[in-house]
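Structural description and commentary
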Amino acid sequence: MTGFGVHSEVGTLRKVLVHRPDLALRRLTPSNRGELLFDDVLWVERAQQEHDQFVAELRARDVEVFLLHDLLTEALASPEAREWVIGHTVSPYTVGPAMVDAVREALGSMDPKTLATHLTGGVTRAELMQFADDDRLAARSLAVATTVGSSFILPPLPNHLFTRDTSCWIYEGVSLNPMYWPSRQLETVNLGTVYRFHPMFRQEKINFWFPDAGSDEHDEFDIQSFGRSSIEGGDVMPVGNRTVLIGISERTTPQMVEILARRLFAKGAAERIIAVQLERKRQFMHLDVVFTFMDRDTVTVYPKVIDGTTAYSIRPGDKEGTLAVTAEDSFLGAVAHAIGLAHEKDLRVVTTGGDEAQQEREQWDCANNVVALSPGVVVAYSKNVYSNRRYREAGIEVVEIDGFEIGKGRGGGHCMTCPLLRDA
């Protein structure tokens, strides 16, 4: 096994990428929280304490934890990395054509740590003026003239907290994901900088399933096209036996599932994709908020959603580059077959706990969004009392953490982790 790769959903977790709450969450307000995909503003200091508790539990289980801000800072020590990230972040479509040069110069004048902070936390008009040399920008740029000092020239990216979505490792390679909502699209550029330029990844010569680094096609980091065909890591689960589960959701389109499937098949990275169609609702935004693995043969599901899903298996077609799509009788039956169980009934299914109202409440509070540290050991929010009790009754060890603040972005331990190395 190389230094990076994710070969299951429950094998021992060795390395993981997380992002500690930072400047971006301090810039979350009642007026912008909806646009930034949060249901409420966070008490940031408490969110940091909760996240630190989460990281401490990971490290107590010998998981090597990497912080996104640290990796981005270290990558930005390279002039090539600085040029790449600034060039992909600052364009006429993000800041307006009159501002491109000034914003690029302002970002270029920052030291690596400060640049990393503003690439994740945003740049206000006042901060631009602080770093920009030209104080006549308001006379040249409509974007500057029509904004006040606290307005954002580059937006904060508070959803970096949920590192699962922006990139996802699928067996021996990684997908840098084109995100659905505009408020998350620049996250992919930051992760692209880390994977392309950080020495830890560069020396590994990692495989990129998306974008295809070896092709002559257009630049797939062109954020003008993001959202048309999108995929997010909360919908993607490599479950072993060269099979990948992918949710077709509020944020992952069938077109992008096809693109990724063709890439994986062409590279020999996967042999089967099980695509499951979900309702396009915020409370079911990704597959992993209604379904996750807890042990090799055990899953947690929110039955109100999973019981009514439609699933399809995608395999390589009879001609190169084509796909064969077949409908499945049952999503859970297809999952059972994919992981080597003889029958659907052999898959242990543990539902969200409580009566119907409590199940809805706990699903909203990420009860089904658990992350496995090893087979049969998961991290869950302590507030989901009924579900955690049900998991323990099924023989699962539940490591509880507080999630009163960090859960307000609608993500639990599964959402907050991007596994970099996980055993089969």
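Residues numbered from 1 in each chain as written. Predicted model: local features only at pLDDT ≥ 70, side-chain atom pairs only at ≥ 80, totals over all residues. Heavy atoms only, no water.

1. Things to note about the UniProt feature "active site" (unreviewed entry) in the protein chain
- If you check UniProt for "active site" (unreviewed entry), the listed places come out as Cys415 in our numbering.
- Structurally, Cys415 is set in the loop between β19 (397–401) and β20 (418–422).
- The exposure class of Cys415 is buried, given its relative accessible area of 2%.
- The residues contacting Cys415, other than those within four sequence positions of it, are Phe162, Thr163, Arg164, Asp288, Asn369 and Arg410. (UniProt positions renumbered as here; feature names shortened; annotations may be inferred. Helix = DSSP H or I, 4+ residues; strand = E, 2+ residues; numbered from the N terminus. Buried < 20%, exposed > 50% of the residue type's maximum accessible area, 1.4 Å probe, protein only. Contact = heavy atoms within 4.5 Å.)

2. A look at the packing of aromatic side chains
- In the structure shown here, the tally under the stated rule is 10 aromatic pairs.
- Ring centres of Tyr195 and Phe201 lie 4.9 Å apart, and the angle between their planes is 75 degrees; on these two criteria the pair is classed as edge-to-face.
- Aromatic side chains Phe284 and Tyr302 sit 6.1 Å apart centroid to centroid with 40 degrees between the ring planes, which places their arrangement in the tilted category. In this pair, Phe284 is assigned in the loop between β11 (272–277) and β12 (291–295) and Tyr302 in the loop between β13 (298–301) and α15 (303–306), connecting sequence segments 18 residues apart.
- Here Phe284 falls in the buried class, since its relative accessible area comes to 6%.
- A residue is classified by how much of its surface remains accessible, and Tyr302, at 2% relative accessible area, is buried.
- Joined through ring pairs, the aromatic side chains of Phe4, Trp169, Tyr195 and Phe201 make up one cluster.
- The ring of Phe4 is capped by Lys15, whose NZ or CZ atom sits 4.7 Å from the centre of that ring.
- When the ring centre of Phe208 is taken as reference, the NZ or CZ atom of Arg196 above it lies at 5.9 Å. (Phe/Tyr/Trp six-rings, centres within 6.5 Å; stacked < 30°, edge-to-face > 60°. Lys NZ or Arg CZ within 6 Å of the ring centre and 35° of its normal.)

3. Observations regarding the side chain of Ser313
- When you line up the elements, Ser313 lands in strand β14 (residues 310–316).
- On the basis of relative accessibility, which here comes to 0%, the residue Ser313 falls in the buried class.
- A polar contact is formed between the side chain of Ser313 and the side chain of Arg272, at a distance of 3.0 Å.
- A polar atom in the side chain of Ser313 sits 2.5 Å from the side chain of Glu328. (Polar contact = N/O pair within 3.5 Å; in protein donor to acceptor, adjacent residues only side chain to side chain.)

4. A closer look at helix α4 (residues 79–89)
- Ala81, Arg82, Trp84, Val85, Ile86, His88 and Thr89 are the residues of α4 that are buried.
- Considering only its buried residues, α4 is in contact with α3 (68–75), α5 (92–95), α6 (100–108), α7 (112–121), β5 (152–154) and α12 (185–197).

5. So, the sheet that holds strand β17 (residues 371–374)
- Reading across from one edge, β17-β18-β19 is the order of the three strands in this open sheet, with mixed pairing throughout. Because the sheet does not close on itself, it has two edges, and the strands there are β17 and β19. When the angles between neighbouring strand axes are averaged without regard to direction, this sheet yields 35 degrees.
- Relative to β19, strand β18 (residues 377–381) runs parallel, the two sharing five bridges. Residue pairing in the sheet places Val378 in a bridge with Val398 of β19.
- Docked against the sheet, helix α2 (residues 44–60) engages β17, β18 and β19, running at close to 145 degrees with respect to β19.
- Seen against the sheet, helix α18 (residues 385–393) touches β18 and β19 and runs at an angle of roughly 155 degrees to β19. (Pairing = 2+ DSSP bridges. Axes fitted to C-alpha atoms, helices over the stretch in contact; angles between N-to-C directions.)

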